[in-house]
Amino acid sequence: MKKTMAHFLSAFLAVVLVFALAVPAMAANDANDFSPSTVAVIRDGESFLEFDTLERAFSDSLEDDFIYLVKDVQIKEDISIPEKRTLVVPSSDDLNDTVTGNNVHGYPASGSIFRTLTVESGATLTVNGSLLVAGNQACNSPYSGVRTGNYGAMTIEGNAAVVVANGGSLYARGLVSGDGAITALNGAKVYQMLQITDYRGGTVTTEIYEKFFPFSAYNLTNITCPITYEFGSELLAQYYVDTQRPITGIVISRHGNASVIASVNPATPTQEPNAFFIMGGTGSNVYMHGSEVRLTGSIKNGSFSITIPGLIYDHTISTAGLICPVYGMNVTVEKDSTLTVSETLKFLPGTSLTVADGGAVNVQDGQYLYFYEAAQYNTNYTLGGYKGSMTNATLTVESGGTFNGTVGSSSTTMSNIVVGETLTYTNIVNITELTQVGTTTTEHSVPFYTIALSVA
């Protein structure tokens, strides 16, 4: 009897051991010494649940979980991130990345790609929940919100696609690149870092922000592959700014979202959102690829704003009612499309606005479009030195395009305003630029030569 019982126990333990070895995908792990077959994990208290495929991780019964990649992963076939689930391409083995980042006060540290998710050619990744390509931000004048340290990456190969669905969110805080394309559908949200390399920090910012927009150099460069924002989707710029209190040295930080692309709500069409590009109706979209921006349908430019911490209360920094600098963008208004300009814009060197055949730009009364010729732009107008291309900013109205409104050039010849005829300015408007040494700012008056232009 004892021998029989012993045989039974031995056989039972053997079966349990074989079963355990056969399903390493669901094993708990107390440290980051995961099984070689594990590709993703979910934190479960102080340990992790391990999964050997993304499909198994996505089908787990737990909800509202962050699923972390623990090795580079290639998506070869169509797959969807479910609602209420967040897939994280992490920035470190700590597996503690968040959608707002583990941000730091100080100058940015150099870093490299820590983990990569690849969507291979022919595959589509649909984001119904959230996808976080992780990265962190640093702040110390003249930088604010720039990426620091190691980061996650996603590569979208040619003939591959990422679709951010209604209710889905893509947090591109690391690097998203490749020859494939991203589409943000109606109801989708895409987040990128607002990386400012012209941060006039501390009291300098709070002294000037009501008179001058204090940043000239800023970019959204976490996504370098083509992306189309369809009507109803939104692009939000995640900013991180801080202020260091005098004497105590205490650092007060703020992070938030500045709306860059938004849409008019069809139910309340007269209530326009606060965004840099506002899509006005179905069929409108904004396409971005590097510095290339293409506007289709009905688009209006508005203002955007961020909040910085003050010693007593916070300050909202907005382009509303000020001159908004356009940096790192080459904008085209496409055929059968209209851009309505409701806030004055200042196109810095290396930028452009093109009105294609069949496109139209209408500048509202009291607003201006200013275009810098490079020779009249002092690189010290940007704190830390101008990092854009030092070529003339240009307005080009192609044959068949229309333009109505007041335009200005920093050159008396207006040679960077290309409309099919030679222009002669009719007025001079002086705009103010700033240079800064330490906490001392100096105002500089720059003349712009303007004309009320009508091109049919």
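## Section: the environment of F371
With respect to the element layout, F371 can be found in strand β37 (residues 368-371). On the basis of relative accessibility, which here comes to 0%, the residue F371 falls in the buried class. Along the primary structure F371 and I417 are separated by 46 residues, whereas in three dimensions their C-alpha atoms are 8.0 Å apart. Residue contacts for F371: discarding those within four places in its chain leaves F347, L353, A393, T394, L395, V407, G408, S409, S410, N416, I417 and F448.

## Topic: the sheet that holds strand β10 (residues 124-127)
On the basis of which strands lie adjacent, the open sheet formed by eleven strands has the order β6-β10-β15-β18-β22-β26-β27-β32-β35-β38-β40 and mixed pairing. Two strands in the sheet have a free side with no partner beyond their single neighbour: β6 (79-81) and β40 (417-418). Where strand β22 (residues 227-230) lies against strand β26 (residues 285-289), four bridges are found, and the strand directions are antiparallel. Its bridge partner lying in β26, Y229 is registered against V286.

## With respect to unusual backbone geometry
Here the residue pair S141 and P142 is connected by a cis peptide bond, since its omega of 15 degrees sits within 30 degrees of zero. Position of P142 relative to the elements: it lies in the loop between β12 (136-140) and β13 (143-148). Here the phi dihedral of L95 falls at roughly 50 degrees; this positive angle occurs in a residue that is not glycine. Here L95 is to be found in the loop between β7 (86-89) and β8 (104-105). Owing to a relative accessible area of 3%, L95 belongs among the buried residues under this scheme.

## Focus: the environment of F276
Among the secondary structure elements, F276 is positioned in the loop between β24 (251-263) and β25 (277-279). With 90 residues separating them in the primary sequence, F276 and N186 have C-alpha atoms 18 Å apart. Not counting residues within four places of it along the chain, the set of residues in contact with F276 comprises S259, V260, K300, N301, G302, S303, F304, C324, V326, M329 and L345.

## Some details on the pairing of strand β11 (residues 130-133)
Burial along β11 is two-sided: the residues S130 and L132 and L131 and V133 are all buried. Summarising the sheet, β7 and β11 pair through four bridges and their orientation is parallel. When the bridges of β11 are listed, T86 appears paired with S130. Across four bridges, β11 lies against strand β16 (residues 169-172) in parallel orientation. Opposite L132, over in β16, you have Y171 as the bridge partner.

## Focus: the packing of aromatic side chains
According to the stated counting rule, one finds 20 aromatic pairs in the structure shown. Look at F347 and F371: their rings are 4.6 Å apart centre to centre, the planes differ by 15 degrees, and that puts the pair in the stacked class. Here the residue F347 occupies a position in strand β34 (residues 345-347), and F371 occupies one in strand β37, the gap between them amounting to 24 residues. Positioned above the aromatic ring of Y151 is the side chain of R147, whose terminal nitrogen or guanidinium carbon lies 3.9 Å from the ring centre.

## Re the nonpolar core
With 108 residues, the main nonpolar core has L125 and L131 as its most contacted residues. Not counting the four nearest positions on each side in its chain, L131 is found in contact with I81, L87, V89, L117, L125, M154, S169, L170 and Y171. With twelve residues, the next largest nonpolar core counts V70, V88, L95 and A134 among its residues.

## Observations concerning the pairing of strand β19 (residues 189-193)
For a regular strand, the rule is simple: side chains alternate between the two faces of the sheet. Burial within β19 is extensive, with four of its five residues counted as buried. Bridge count between β16 and β19: four bridges; the pairing is parallel. In the strand pairing of β19, Y171 is matched with Y191. As paired elements, β19 and strand β23 (residues 234-244) share five bridges and run parallel to each other. Bridge pairing links M193 to Q238 in β23.

## With respect to the environment of A320
As for its placement among the helices and strands, A320 is situated in the loop between β30 (315-318) and β31 (324-326). Judged by relative accessible area, A320 falls into the partly exposed class, the value being 41%. The spacing of A320 and G366 is 46 residues in sequence and 13 Å in space, taken between C-alpha atoms. Every residue in contact with A320, bar those within four places of it in the chain, is listed here: S303 and E343.

## Here we look at the confidence of the model for the protein
For the protein, the mean per-residue pLDDT works out to 91, and 92% of the residues sit at or above 70. In the model, residues 1-31 has pLDDT below 50 throughout and makes 22 contacts with residues more than four positions away in sequence or in other chains.

## What about the sheet that holds strand β9 (residues 113-119)?
Pairing is parallel in the open sheet, where four strands are placed in the order β5-β9-β14-β17. Each of the sheet's edge strands pairs with one partner strand only, and the pair in question is β5 (73-75) and β17 (175-177). With strand direction ignored, the average angle separating the axes of adjacent strands in the sheet is 15 degrees. Bridge analysis of strand β14 (residues 151-156) against β17 gives three bridges, and the strand direction is parallel. From the neighbouring strand, T155 faces β17, where its bridge partner is S177.

Definitions and cut-offs
Residues numbered from 1 in each chain as written. Predicted model: local features only at pLDDT ≥ 70, side-chain atom pairs only at ≥ 80, totals over all residues. Heavy atoms only, no water. Helix = DSSP H or I, 4+ residues; strand = E, 2+ residues; numbered from the N terminus. Buried < 20%, exposed > 50% of the residue type's maximum accessible area, 1.4 Å probe, protein only. Contact = heavy atoms within 4.5 Å. Pairing = 2+ DSSP bridges. Phe/Tyr/Trp six-rings, centres within 6.5 Å; stacked < 30°, edge-to-face > 60°. Lys NZ or Arg CZ within 6 Å of the ring centre and 35° of its normal. Core = buried A, V, L, I, M, F, W, Y, C linked by side-chain atoms within 4.5 Å. pLDDT = per-residue confidence, 0-100. Axes fitted to C-alpha atoms, helices over the stretch in contact; angles between N-to-C directions.

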